[in-house]
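Close look at the chain arrangement
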Amino acid sequence: MDSTIMKIIKHEKRLKALGMEKLCRWDFAHDNRQNPRATNIILDYTANFKEMLEEGTGMIIYGNTGAGKTFAAAQIVNELTDRGYDCMFTSMSNIITELGTLGMEGKRNLFYQIFSKDLLVLDDLGAEVESSNTNQIFIQIVNTCLSKNIPIIITTPFHEENLLEGNAKRVLAISRLMRRNISFTMQVPGERRCLELQKKQRLEALVKGAASQTPLAGYEEPETDWPGTTVQETTVQECLPENIQQTLPLVENEDKER
C-alpha cells in the first residue's frame, strides 16, 4: 500500500481514538524528554500492554497543570492505536456533555462504545461539575470497566487524598481503581516552569508597564495645586447638610486650633 495512504489511515485512526487533531501529534516521536522518568514509565506500560490488558490494569497520573499528564496519556493512546488496539480518549466533562445531547438510543450506543474498548482514558478527572448524576455515571463506567477488565487511565490535578473525599460510592469506585492501577506523579519540568515564568513576566510588563508609564489617550492627570490658590481640606462635617452640621461638635476645628 502507498506510504501516503498508510499515513492517512494512521492519522484517521488516531483522530477517531483521540477526538482532537492536536493530540494526534502527541506521541513518542515528539517527546522532548523533559520528564524522562514519566516517559520511561509510559514506554514500559505500552511495551507490556498485552499483560496490562489481560489484568485490566490502567494508570492514575497525578500532577499540577503543565506537568504533561495529558501529553503522556495521548502518547499511550497513539502508540497503542498504531499497534491496532481500540482506544478512547475522553473526559467525564465530555461524556456528561455528550449524554445531555443524546436520546435513549444514543446514550446506549455511547456506553456500548466505551465498554467495547481495549483502553479508556479519562482526562482531567475532577474538572467536571460534580452532581449525583455525574457521580452515578462515573461509578457505572468504572465498575463496568473493572468487571470487563478494560484498563482505565486517569489524569488528574488532584492529590490522592482529595479524590477520596465526597460521595461514598464514588470514593469506593476510585479506591477500587487505585488498587488495580499503577499510579505515579508528574512534576512540571524545570525548563517549562522557567518559560512560563518568563512569559508571565513579559505579559505583566506589557500591562503594568504600560499602565504606569503610558497615559490613556485623551486622559490628562488632574492638577493638585491651582495657580494662585491654596488647597483647603474638606472635613467630614462639611459634606453633611447644614442642619446636621449645626448639631455636631466642631471636633475637627478644635484640632486645627490646637
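Refer to the preceding data block for the structure.
What counts, and at which threshold
- Residues numbered from 1 in each chain as written.
- Predicted model: local features only at pLDDT ≥ 70, side-chain atom pairs only at ≥ 80, totals over all residues.
- Heavy atoms only, no water.
- Helix = DSSP H or I, 4+ residues; strand = E, 2+ residues; numbered from the N terminus.
- Polar contact = N/O pair within 3.5 Å; in protein donor to acceptor, adjacent residues only side chain to side chain.
- Buried < 20%, exposed > 50% of the residue type's maximum accessible area, 1.4 Å probe, protein only.
- Lys, Arg positive; Asp, Glu negative; His and termini not counted.
- Salt bridge = Lys/Arg side-chain N within 4 Å of Asp/Glu carboxyl O.
- Core = buried A, V, L, I, M, F, W, Y, C linked by side-chain atoms within 4.5 Å.
- Contact = heavy atoms within 4.5 Å.

**Quick notes on the side chain of Asp 27**
- As for its position among the elements, Asp 27 is in the loop between α1 (3-18) and α2 (36-47).
- Within polar-contact distance, the side chain of Asp 27 engages the side chain of His 30 at 2.7 Å.

**A few points about the side chain of Asp 31**
- Tracing the backbone shows Asp 31 in the loop between α1 and α2.
- Buried charge Asp 31 goes without a salt bridge, the closest partner of opposite sign being Arg 33 at 5.1 Å.
- Polar contacts involving the side chain of Asp 31 include one to the main-chain amide nitrogen of Arg 33, which spans 2.7 Å.

**Some details on the pattern of salt bridges**
- Going through the model one piece at a time under the given rule, you end up with seven salt bridges.
- Of the charged contacts, one joins Lys 10 and Asp 82 as a salt bridge, the two residues approaching to 3.8 Å between their closest N and O atoms. Highlighted residues: Lys 10 in helix α1 and Asp 82 in helix α4 (residues 69-82), separated in sequence by 72 residues.
- Look at Asp 82 and you get partly exposed, because its relative accessible area is 35%.
- Here Glu 128 makes a salt bridge to Arg 170, at a shortest N to O gap of 3.0 Å. With Glu 128 in the loop between β3 (119-122) and α7 (132-147) and Arg 170 in helix α9 (residues 168-180), this residue pair connects regions lying 42 residues apart in the sequence.
- On the basis of relative accessibility, which here comes to 7%, the residue Glu 128 falls in the buried class.
- Where salt bridges share partners, they join Lys 10, Arg 14, Asp 27 and Asp 82 into one cluster.

**Concerning the nonpolar core**
- Counting residues in hydrophobic clusters, the biggest one holds 28 residues, and the most contacted among them are Met 92, Ile 95, Ile 114, Leu 120, Leu 122, Ile 141 and Ile 152.
- Secondary-structure elements contributing two or more residues to this core are β1 (59-63), α5 (92-99), α6 (104-114), β3, α7, β4 (152-156) and α9.
- Ranked by residue count, the leading element in this core is α7, at seven residues.
- Leu 120 has contacts with Met 88, Thr 90, Ile 114, Ile 141, Cys 145, Ile 150, Pro 151, Ile 152 and Ile 153, leaving out every residue within four places of it along the chain.
- Formed by 27 residues, the second largest nonpolar core is a distinct cluster that contains Phe 49, Ala 67, Val 121 and Val 188.

Read these as geometric descriptors, not functional statements.
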